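# Chain and residue survey
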Amino acid sequence: MQIILRAFVWDFAPEKMSSTFHRLRNEWGLDGISFVVSNPSKLLFLPNAEQGRFRYADEGAVCFRPERSWYADLPVAPVASELCGKRNPLKEAATKAKEVGLKVSAVMTCCYNPLLGRKHPELTVQNALGDRILHLLCPANPTVRELLVRMAGDLVTNYPLDAVEIEDLGYLTLTRARDLVTDLTITPAADHLLSRCFCEHCCRIAAELNIEIERVRFFLQTELEQFFIAPTELSQFPVEWDVWERLVEGEARKVMHMRMDIVSSLLALLVEQIAHKHDKRVHVEGHLLPATLWQIGIDRHKLRELAHAIEVDAKEVAPDKLPPYLLLNRQVFGNQTELWVRLHPSERFVPNRQAFLAQVRACREQNVDGVVIVGYGSLRRQNWDWIREAIALLKGS
């Protein structure tokens, strides 16, 4: 079983990286380290980072210096974080980690980027009401697709990576925004209705497939206008395939299949760039309930064919409820695709150390292929002890 630590490059001071990574490898027993490429928030509070506890940055800016040649003929490119200064923190951290024998991966966020969305609204999701959802990039947009493929190429050619972890791939939802403020109760169904894309690219593809996309858009528009007055029946429904595929006399089902084809083809392009051209592993963010992946456009059958590993986030799952989820993922994806589990050793998500270690034991008992432990500088130092205990449990020492 592989055990990797997910961290920010901002957790580590350049002059201390070698010694810190040596300690993580040889004293803690970690197999690898995973660096988050895009800033997930405007403010990071890292109480035990080696340099600076508060980090202010644009959400969506990256921690590396994009090589211009990769994006030369594109109207958009990744935006380097101001925190980089004149340095390339990802290059420094990845190189130092590799030198001490750690496997290195990069977490690549795909369709969630508030910074690029604000700069380039034409790249974003446009819902049935005509509103642009500026934190969500549309996976059908040709520029978005090309940007993501080239960013993957930039990462695997210029950094000593063993794997790329793909996250936020697909048609995401409004509530993905961390700072959303509203007086409405946004049910999962309402979230789904609010976030479906009808941009020119989605509509063009639908027209080519002879889908009555305007009928579907008008249906969603009417539902949303009613929802803004009072909760509707549909907004209270579960987001289940059997319910939603029947809407608009079956036209909704055609749209659902179209979106899965769009996302699957984008994932295939990323796999081609990362794995086939550069022989790196591809890990893709999955879900504890694989049957729900269609909601964001992921076809679980295509996912099984394309990814080396599926990563499921179990940080808030009670230990006794975790085994059935892991067994379900094994049944869906089989043994040809590795199953990795993300755990977060923090009281934000688990009540105490004992509960976290019980999650770890569940992973060991279910013979998962890897565990990603999330957090380093963001954690209390006492929680570092949780990590060391988890590694000892998983390694059987």
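Since the model is a prediction, treat every value here as computed from it, not as a measurement.

This brings us to the pattern of salt bridges. Evaluated as defined, the whole model comprises 25 salt bridges. Residues joined in a network through salt bridges with shared partners are Arg6, Glu165, Glu167, Glu285, Glu311, Asp313, Lys315 and Arg342.

On to a nonpolar patch on the surface, then. Taken together, the side chains of Leu43, Phe45, Phe54 and Tyr56 define a hydrophobic patch exposed on the protein surface, amounting to about 460 Å² of accessible area. Taken together, the elements giving at least two residues each to the nonpolar patch come down to strand S3 (43-45) and strand S4 (54-56). Counting through the fold element by element, phenylalanine 54 comes out in strand S4.

Our focus in this paragraph is the nonpolar core. Phe21, Phe35, Ile166, Trp244 and Leu270 are the most contacted members of the largest nonpolar core, which has 134 residues in total. For this core, the leading source of residues is helix H9 (residues 251-276), giving 13 residues. Not counting chain neighbours up to four residues away, the residues in contact with tryptophan 244 comprise Ala189, His192, Leu193, Leu234, Pro238, Val239, Ala252, Met256 and Trp294. By size, the runner-up hydrophobic cluster in this structure holds five residues, among which are Ile4, Ala309, Trp340 and Val374.

Working note: a packed helix pair is described by the angle between its axes plus the distance between those axes. Remark: helix H11 (residues 322-333) packs on helix H12 (residues 353-365), axes separated minimally by 10 Å, with the N-to-C direction vectors making an angle of 35 degrees. Once H11 is placed against H12, the crossing between them reads as right-handed. When H11 is examined against H12, the residues Leu322, Pro323 and Leu326 are found in contact with a partner set consisting of Gln359, Ala362 and Cys363. For the contact of H11 with H12, a count of residues per class yields five nonpolar, one polar and no charged.

As a further point, take the environment of serine 19. Checked against the element boundaries, serine 19 lands in helix H1 (residues 17-28). Relative accessible area serves as the criterion here: at 48%, serine 19 is assigned to the partly exposed category. For the pair serine 19 and alanine 97, spaced 78 residues apart in sequence, the C-alpha to C-alpha distance is 9.7 Å.

Our focus in this paragraph is the sheet that holds strand S8 (residues 163-167). Strand order in the closed barrel formed by eight strands is S1-S2-S5-S8-S9-S10-S11-S12, and the pairing between neighbours is parallel. Each adjacent strand pair in this sheet contributes to an overall mean axis angle of 25 degrees, direction not counted. As judged from the four bridges shared by strand S11 (residues 338-343) and strand S12 (residues 370-374), these two strands associate in the parallel manner. Across the sheet, the residue bridging to arginine 342 is valine 372, located in S12. Against the sheet, helix H4 (residues 142-158) contacts strand S5 (103-109) and S8, and its axis sits at roughly 160 degrees relative to S5.

Criteria and cut-off values
- Along each chain, residues carry numbers from 1 onward, in the same order as the chain's sequence is written.
- Totals for whole chains, interfaces and linings use every residue, but because this is a predicted model, local features are given only for residues with pLDDT of at least 70 and side-chain atom pairs only at 80 or more, for both listing and counting.
- Water and hydrogen atoms play no part in the side-chain values, which are based on all heavy atoms of the structure.
- Any carboxyl oxygen of Asp or Glu that lies within 4 Å of a side-chain nitrogen of Lys or Arg is treated as forming a salt bridge with it.
- Patch criteria: residues need more than 30% relative accessible area and no salt bridge. Like-charged residues are merged within 9 Å; nonpolar side chains of Val, Leu, Ile, Met, Phe, Trp and Tyr are merged within 5 Å.
- Every accessible area reported is derived by Shrake-Rupley at a probe size of 1.4 Å, with residue values counting cover from the shown protein chains alone.
- Secondary structure elements follow DSSP: runs of H or I of four or more residues count as helices, runs of E of two or more count as strands, with numbering from the N terminus.
- Only buried residues count toward a nonpolar core, which is a set of Ala, Val, Leu, Ile, Met, Phe, Trp, Tyr and Cys residues joined through side-chain atoms within 4.5 Å.
- A simple rule labels every residue: compare its accessible area, found with a 1.4 Å probe on the protein chains alone, to the largest value its type can have, and call it buried under 20%, exposed over 50%, or partly exposed in between.
- Note on definitions: a residue-residue contact is assigned when non-hydrogen atoms from the two residues lie within 4.5 Å.
- Simply put, an axis is a line fit to the C-alpha atoms, just over the touching stretch for a helix, and the angle between two N-to-C directions goes from 0 to 180 degrees.
- For any pair of crossing helices, the crossing counts as left-handed if the nearer helix is rotated counterclockwise from the farther one by less than a right angle, and right-handed if it is rotated clockwise.
- Only Asp, Glu, Lys and Arg are considered charged, only Ala, Val, Leu, Ile, Met, Phe, Trp, Tyr, Cys and Pro nonpolar, and every remaining residue, Gly among them, polar.
- For two strands to count as paired, DSSP must find a minimum of two bridges between them.

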